[in-house]
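Residue-level structure breakdown
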Amino acid sequence: MIDSPEACLRRRLLGTSSFVAPISLLNATSRNQESRAELLHIADLLRQSAILRLESMVQGLLSEYDRAYERPHEQNWGAIILRLAQEASDTVTPNVRIADTMDIRPYVKIKVIPGGSYLECRYVDGIVFSKGVVHKKMRKSACSPRILLLSGGVDFQRTHSKLATFTTLLEQEQKYTEIIVEKIIRLQPDLMCVGSSISRQAQEYLNQHDVVAVQHVKPRLMKQIARMTGAAIVPSTDYVTSMSDYRDIALGTCQHLQITTYPSVPLEGYHVKSIPKLNHVQPHYKRMRGHGYVSYVYLSGSPRFLGCTLILRGARKSELKKIKRIVGFAVFVAYHLRLHSGTDHPSSLHLYQLISGTEQLIPEVPLPVNS
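Residues numbered from 1 in each chain as written. Predicted model: local features only at pLDDT ≥ 70, side-chain atom pairs only at ≥ 80, totals over all residues. Heavy atoms only, no water.

Section: the sheet that holds strand S3 (residues 126–129)
With respect to topology, four strands assemble into an open sheet ordered S3-S11-S10-S4, the strand pairing being antiparallel. Looking at which strands have only one partner, the edges of the open sheet turn out to be S3 and strand S4 (141–143). Across the sheet, the axes of successive neighbouring strands diverge by a mean angle of 20°, strand direction being ignored. As defined by bridge partners, strand S10 (residues 256–263) adjoins strand S11 (residues 293–300) across eight bridges and the pair is classed as antiparallel. In the strand pairing of S11, Thr261 is matched with Ser295. (Pairing = 2+ DSSP bridges. Helix = DSSP H or I, 4+ residues; strand = E, 2+ residues; numbered from the N terminus. Axes fitted to C-alpha atoms, helices over the stretch in contact; angles between N-to-C directions.)

Some details on helix H3 (residues 77–91)
For H3, with 15 residues, the first-to-last C-alpha span of 21 Å sits near the 21 Å given by 1.5 Å per residue. Taken residue by residue, H3 has Trp77, Gly78, Ile80, Ile81, Leu82, Leu84, Ala85, Ala88, Ser89 and Thr91 as its buried positions. (Expected span 1.5 Å × (residues − 1). Buried < 20%, exposed > 50% of the residue type's maximum accessible area, 1.4 Å probe, protein only.)

Remarks on the sheet that holds strand S2 (residues 122–124)
Taken together, the three strands give an open sheet; going across it, the order is S1-S12-S2, and neighbouring strands pair in mixed fashion. Across the chains shown, the open sheet's two edge strands, defined by having one partner strand only, are strand S1 (108–112) and S2. The mean angle between the axes of side-by-side strands here comes to 25°, regardless of whether they run parallel or antiparallel. The sheet contact formed by S1 and strand S12 (residues 308–312) spans five bridges and is parallel. Across the sheet, the residue bridging to Lys111 is Ile311, located in S12.

Overview of the packing of aromatic side chains
Think of a pair of aromatic rings as described by two things: how far the centres are apart, and how the planes are tilted against each other in angle. Tallying each qualifying case throughout the model produces one aromatic pair. Sitting above the plane of the Phe332 ring, Arg105 keeps its charged end 4.2 Å from the centroid. (Phe/Tyr/Trp six-rings, centres within 6.5 Å; stacked < 30°, edge-to-face > 60°. Lys NZ or Arg CZ within 6 Å of the ring centre and 35° of its normal.)

In C-alpha cells, the structure reads:
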C-alpha cells in the first residue's frame, strides 16, 4: 500500500510508522458518533414518553370502566395492565417472512380465569387453555413433554351396512383400538391433543402407557398449540404409521406441562326460583360449572417471540371480560409504540414532540451531514 504525501509527512513529524487517518476522516467520525449519541438520547426520551402516554390511555379507559360499574375498583388494575402489556409487547415479535401478520394481538392470548386474587395475574411464555385429562389417573405434570396433535379421533368407526352380533362388534372395536394405540405409542408422546373424541378403551390403554390425553380440542386452538410447540398436526390415525420414522419432526415440545385445577365460581345470571312446596331451598344456591372445579392446561417454556398468554384473575367473569378488552388494546398500543421508539431515524424527534406535547422544550438536533 502506497501512502499519500500527506500521510508520509505526518509520519515523519510524529515519528511513528503506524498509519494515521486523515484529519477530515477523524472529524467526520466524531460528528457521526455525536449524532448517534443524540439519536439514542432521543429514542430513550421517546420510550419514556410512550410509556407515559400508554399510562394515561389505560387510566382513561379504566375510569370509563369504573363509571360503567358505578364504583371504583379496589385493585390496582392500571399497574397490572401496564406490566402485562409491556411484557407481551417486548417479547412477542411476529415474523412476516413466515406469513405472520404485523398485528401482535393474534399471538397474544388473554385467558380469563374467574375468582382468585388480582395478584395472580401473570405472563406465561406459552399457551394456556381450559381442558381436562380424559382419565382421572393420568399425570398432571411433565418436564419437556413430547406433544402429539391429532385432528381426528381415536375411536372405532362402525359400519351400519352389515349385520353383526354385539359380541363381534366388541371384539372388532377392542382389536382396532389396540392397533391404533400401539401405533401412537411408537411415537412415544407424553401429551396427545385430539380434535375429536377418544373411546373409553383407548383412554385405558393410553393411561397404561403413561400418555396424557386431551380430547375435543378446537381447530383454532390446535393451530395455536402447533405454533407454540412446533408440532405438526396429524389429520387422522391413518398417518401415524407413516410418521413413525419422522418422530422428531412430527412431535412438538415445551419446557413444562402443568394441569392446574381451579374452583369453579357460580354462573352469573342464574337464580333458583322459589317453589312454594320447597321452601327449604335457599335462593343463594347457583349452578356451578362442571363438578365445582375447572382444569386448565399450561404449556410453558416456548420461545417468547412466537407468542404468550396473559392470565387475568381477581374478579367475576363479566368484569374480567371488560379488563380483557382494555388489556388487548393496551398490548396493541404498546407494541406499536415499541416499533416507533425503536427507530434511530432523526424523525423520531418529531414523533416524540407530538406524543409528549413538548415541541418547544426540546432543541432541534442537527441532522448528520452526508458526505
